[in-house]
Amino acid sequence: VESDVMYLINFCKDVLLTMTDVKDKSSLMIFNKKCSLNCYKCHSIKTIKDKSNIVSEDFIIEQIELNSPLIQVIILSGGNFLDESIEDIFEFIHKIKRFNKDIVINTNGMYSEKLAKLISSGMIQGAYMDIKYPIWLEPNEEVFTKVYGVKYSIDLVKEIMKSMVTINESTLKYKNFRTVKYDFLPQSYFDAIQEELKNYCVDYQINPFHNLEDDDE
């Protein structure tokens, strides 16, 4: 049954208890349903588009409370949590601060100003960002569109780069850049990312690409 109920933040009903996203920490990952991009083979796309699993922040807060004894970190994921209004993000974080957990936000690089405001406020302790491919190289509009699912824009490239710098220059407790090793991109792209990130004081990891569509066959 599809729901037409709308909340300030539409959350996904499913939450994820993870031991691998934040090193040596048990984390609860929660998901919003907004994202301005449509990245290649996104693992969250079905969940984002599914209208039957929308829940309110009250439901999510209950899930945090249930899992609170087991976790040290709450991860705000999606979707892309920064697609929400900064006012709604601040309000939600304020409500979950009572659990005394570190808060990490996942970002695709969009909305660098919102990210900077969250960092400067001291409301979050970490930021994890996806580096999809080396966008600082000579523009390849075809690859950009395939990777990000949106039309190439130099303003978007600058925005993503600004988010990288914002995270790097922060004093956050948890800082991480991540790359999915898409099978259609050449190894030289991944080498270029690793070379560029030598200039950043941020943890970095390359994750294997897993096509969920293969699992459906």
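Definitions and limits used
- Position numbers for residues count from 1 along each chain, tracking the sequence in the order it is written.
- Owing to the predicted nature of the model, reporting of local features is limited to residues with pLDDT of at least 70; listing and counting of side-chain atom pairs is limited to 80 or more, with chain, interface and lining totals taken over all residues.
- Working from all heavy atoms in the structure, the side-chain values ignore hydrogens and water.
- Here a cavity denotes a set of grid points, spaced 1 Å apart and computed over the protein atoms alone, in which a 1.4 Å probe fits but from which it cannot get out, and a pocket denotes an open set meeting protein on both sides within 12 Å along at least five of seven lines; residues with an atom within 4 Å of a point are reported as lining.
- Grid points are joined across faces, edges and corners, and a volume is the space filled by probe spheres set on the points.
- A run of H or I in DSSP counts as a helix once it spans at least four residues, and a run of E counts as a strand once it spans at least two, with each numbered from the N terminus.
- To form a nonpolar core, buried Ala, Val, Leu, Ile, Met, Phe, Trp, Tyr and Cys residues must be joined to one another through side-chain atoms within 4.5 Å.
- Only protein chains enter the accessibility calculation, which uses a 1.4 Å probe; a residue is then buried when its area is under 20% of its type maximum, exposed when over 50%, and partly exposed in between.
- Contacts were defined at the residue level, with two residues in contact if any of their heavy atoms lie within 4.5 Å.
- Lines fitted to C-alpha atoms define the axes, with helix axes restricted to the stretch in contact, and inter-axis angles between N-to-C directions lie between 0 and 180 degrees.
- Should an angle lie under 35 degrees it is considered roughly parallel, over 145 roughly antiparallel, and from 65 to 115 roughly perpendicular; all remaining angles are considered oblique.
- Should the near helix be turned anticlockwise from the far one by less than a right angle, the crossing is termed left-handed; should it be turned clockwise, right-handed.
- When residues are sorted by character, Ala, Val, Leu, Ile, Met, Phe, Trp, Tyr, Cys and Pro go into the nonpolar class, Asp, Glu, Lys and Arg into the charged class, and all the rest, Gly among them, into the polar class.
- By definition, disulfides here are pairs of cysteine sulfur atoms that lie within 2.5 Å.
- Here the arc refers to the set of directions running from the helix axis out to each C-beta atom.

Caption draft 1: Main features of the layout of surface pockets. Space inside the largest pocket adds up to approximately 1100 Å³. His 43, Ser 44, Ser 77, Gly 78 and Asp 130 are, among the 41 residues lining the largest pocket, the residues nearest its centre. Secondary-structure elements contributing two or more residues to the lining of the largest pocket are strand 3 (27–31), helix 1 (45–49), strand 6 (102–107), strand 8 (174–181) and strand 9 (203–208). Broken down by element, the residue count for the lining of the largest pocket peaks at four residues, all from helix 1.

Caption draft 2: Quick look at the nonpolar core. Counting 55 residues, the largest nonpolar core has Leu 76, Phe 92, Ile 96, Ile 105, Tyr 133, Tyr 148 and Phe 177 as the members making the most contacts within it. Beyond its immediate stretch of four places on either side in the chain, Phe 92 contacts Ile 9, Phe 11, Ile 30, Glu 57, Ile 60, Ile 61, Leu 76 and Phe 81. Residues Phe 31, Val 73, Tyr 128 and Tyr 174 belong to the second largest nonpolar core, which totals nine residues.

Caption draft 3: The packing of helix 4 (residues 112–121) against helix 6 (residues 154–169), seen in detail. At a minimum axis distance of 9 Å, the contact between helix 4 and helix 6 shows a crossing angle of 15°. Taken together, the axes of helix 4 and helix 6 are roughly parallel relative to one another. Handedness of the helix 4/helix 6 crossing: left-handed. Of the residues in helix 6, those in contact with Ser 112, Glu 113, Leu 115, Ala 116 and Ile 119 of helix 4 are Glu 159, Lys 162, Ser 163, Thr 166 and Ile 167.

Caption draft 4: Just the packing of helix 3 (residues 86–96) against helix 4, in detail. Running from N to C, helix 3 and helix 4 point in directions that differ by 30°, and their axes come no closer than 11 Å. Relative to helix 4, the element helix 3 lies roughly parallel. Crossing hand, helix 3 versus helix 4: right-handed. On the side of helix 3, the interface is formed by Ile 86, Ile 89, Phe 90 and Ile 93, while helix 4 contributes Lys 114, Lys 117, Leu 118 and Ser 121. Residue composition of the contact of helix 3 with helix 4, grouped by class: five nonpolar, one polar and two charged.

Caption draft 5: Spatial organisation of the environment of Asp 50. Structurally, the position occupied by Asp 50 is in the loop between helix 1 and strand 4 (54–55). Considering only alpha carbons, one finds Asp 50 and Lys 33, 17 residues apart in sequence, at a separation of 9.0 Å.

Caption draft 6: Spotlight on the state of the cysteines. Tallied over the entire structure, the rule returns zero disulfides. Here Cys 39 stays free of any disulfide, with the sulfur of Cys 35 as its closest cysteine sulfur at 6.1 Å. Left unpaired, Cys 42 is separated from the closest cysteine sulfur, that of Cys 39, by 6.4 Å.

Caption draft 7: Here's a closer look at helix 3. Restricting attention to buried positions, one finds in helix 3 the residues Ile 86, Asp 88, Ile 89, Phe 92, Ile 93 and Ile 96. Relative to the axis of helix 3, the buried residues are bounded by an arc of 160° and lie together on one face. Turned more than 90 degrees away from the buried face of helix 3 sit Glu 87 and His 94, all of them exposed. Looking at the buried positions of helix 3, the neighbouring elements they touch are strand 1 (11–12), strand 3, helix 2 (57–67), strand 5 (73–77), strand 6 and helix 4.

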